[in-house]
Amino acid sequence: MNPNAPKAPQKLAILGSTGSIGTQALDVISRKPELFKATVLTAHSRAELLIEQARQFLPDHVVIVNESKYSEVKEALSGLPIEVHTGADALVSVVCLEQVDMVLTALVGFSGLRPTMAAIEHGKPIALANKETLVVAGEIVMAAAAARNVPIIPVDSEHSALFQCMVGEEQNPVEKIYLTASGGPFRGFSLEQLRMVTKAQALKHPNWEMGAKITIDSASMMNKGLEVIEAKWLFDLDNSQIDVIVHPQSIIHSIVQFEDGSMKAQMGLPDMRLPIQYAMAYPQRVENDFPRFNFLDYPSLTFEQVDTSVFKNLDLAFRALDRGGNMACILNAANEITNRMFLDERIRFTDIADFNEAAMEQVEFIPNPSLEDLFETDSATRAWVRAAVEQVKP
Ligand code: NDP
Ligand code: MG
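So, here's what we can say about the structure. (Residues numbered from 1 in each chain as written. Chains lettered and ligands numbered in written order. Predicted model: local features only at pLDDT ≥ 70, side-chain atom pairs only at ≥ 80, totals over all residues. Heavy atoms only, no water.)

**A few points about the pattern of salt bridges**
In total, this model carries 24 salt bridges according to the counting rule given. Here aspartate 354 makes a salt bridge to lysine 312, at a shortest N to O gap of 2.7 Å. One end of the pair, aspartate 354, is in helix α15 (residues 349-362); the other, lysine 312, is in helix α13 (residues 312-323), with 42 residues separating them in the sequence. Linked by salt bridges that have partners in common, Asp27, Arg31, Asp271, Arg273 and Asp289 make up one network. (Salt bridge = Lys/Arg side-chain N within 4 Å of Asp/Glu carboxyl O. Helix = DSSP H or I, 4+ residues; strand = E, 2+ residues; numbered from the N terminus.)

Now the structure itself:
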């Protein structure tokens, strides 16, 4: 028996249980009730699905962040031993509950930062899907986790791959890492072609079924840019140690190159349940019946360079890392707004990167931001981008 194995069943707070990662986490939990229990479930607005999940998994607490949905959830769950909370502050209080053994951060965007910090301060191990938290405040979050000895286990498939390649290599410095990217639906497009793409095209990812925000980020390569920043903080790398390679089949999930030139890759079919389960059960691996990879279905695995003159967001992420300070926070906040505006069909696809870049040039740069500064940067950037778009597209 592994002495580091989590106690069973491991009680999980699932922030964002109604999303793509959240529902897949519940699928993993439902297959292994002896190992995992959902003790907290949270959603923003999808009350019906949250109610259905609560009836099935009987958590001790649920949070519906949108206050206008509170009475619907409260009434539907009355008679069950489930406490119902509402408002964004409730996310912070539920992660700190004594019975929570681990927090899976599967909510989207900047909203993940406060609850993740609170969970770390209360010593709760984090299974981290919400990459934006590390993009915005990676230095502060990782320092808080190190100070309290709180593990942060990545769920993002590339970072889970890197993490898995590094297990057992603690004495061996990493020379560099390669993050793989599928290239998304617009791989090989010219800037002219990219200018004309529609929301429906951007929402069709070739290999992964995900929430709307990350699907657009994948199409615009912002997702890979955010992952570069996420990797820097998770694995304490210099910017020059991080490379991105397009691998359209999404079978090799990422690669670590060690000082002797040896490379370790983690591979498998694209199925997010695997990195989710790995993070929840770490350091154990748990048997399952998810579909297995067959080499003969993939006679060739191929690799290409990203064209950053077309997919500018990736370049912006490297620039934000080189600049440091609050620059990645500015990029993230700008992108949350431009991503939403593209989904609302207010701006064109290529406007996403153009406004992101403009925000990086215009919003006040802070070299050594505190957490409070980052909250201010986030709001200031959102306001700046909204005004900038309003000016050219009233
Ligand atoms: P979804 O949009 O599918 O789900 C987001 C979840 O968060 C939902 O439960 C949603 O509630 C909730 N939520 C949204 N906004 C807020 C808010 N402001 N406050 C509180 N809760 C909120 O996203 P994904 O599951 O695709 O992604 C979640 C995170 O995981 C993202 O950071 C993404 O980058 C990352 N990730 C996702 C992958 C994937 O395969 N999907 C892969 C790798 C990383 P409601 O349903 O009520 O709106
Ligand atoms: Mg990823």
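**A look at the coordination of the magnesium ion (ligand 2)**
Tetrahedral coordination by four donors places them ideally at 109.5 degrees to one another around the metal; octahedral coordination by six donors ideally gives 90 or 180 degrees. Those donors, Asp156 (OD), Glu158 (OE) and Glu227 (OE), are the protein atoms that reach the magnesium ion (ligand 2), and they lie 2.1 to 2.2 Å from it. All donors of the magnesium ion (ligand 2) belong to a single chain; written as a sequence motif, their spacing is D-x1-E-x68-E. (Donors = N, O, S within 2.8 Å, 3.2 Å for Na, K, Ca; no water.)

**Observations concerning the packing of aromatic side chains**
What the rule picks out here adds up to 9 aromatic pairs. Judged by centre distance (5.1 Å) and plane angle (80 degrees), the rings of phenylalanine 163 and tyrosine 282 are edge-to-face. You can see phenylalanine 163 sitting in helix α7 (residues 157-166) and its partner tyrosine 282 sitting in the loop between α12 (273-281) and α13, a full 119 residues away along the chain. Here the aromatic rings of phenylalanine 293 and phenylalanine 295 are separated by 4.8 Å at their centres, their planes lie at 80 degrees, and the arrangement is edge-to-face. Assessed through its relative accessible area of 22%, phenylalanine 293 is described here as partly exposed. Following the ring pairs from residue to residue traces out a cluster consisting of Phe186, Phe189, Phe342 and Phe349. If you follow lysine 232 out to its NZ or CZ, it ends over the ring of tryptophan 233, 5.1 Å from the centre. Above the ring of phenylalanine 365, the side-chain terminus of arginine 323 is found at 3.9 Å from the ring centroid. (Phe/Tyr/Trp six-rings, centres within 6.5 Å; stacked < 30°, edge-to-face > 60°. Buried < 20%, exposed > 50% of the residue type's maximum accessible area, 1.4 Å probe, protein only. Lys NZ or Arg CZ within 6 Å of the ring centre and 35° of its normal.)

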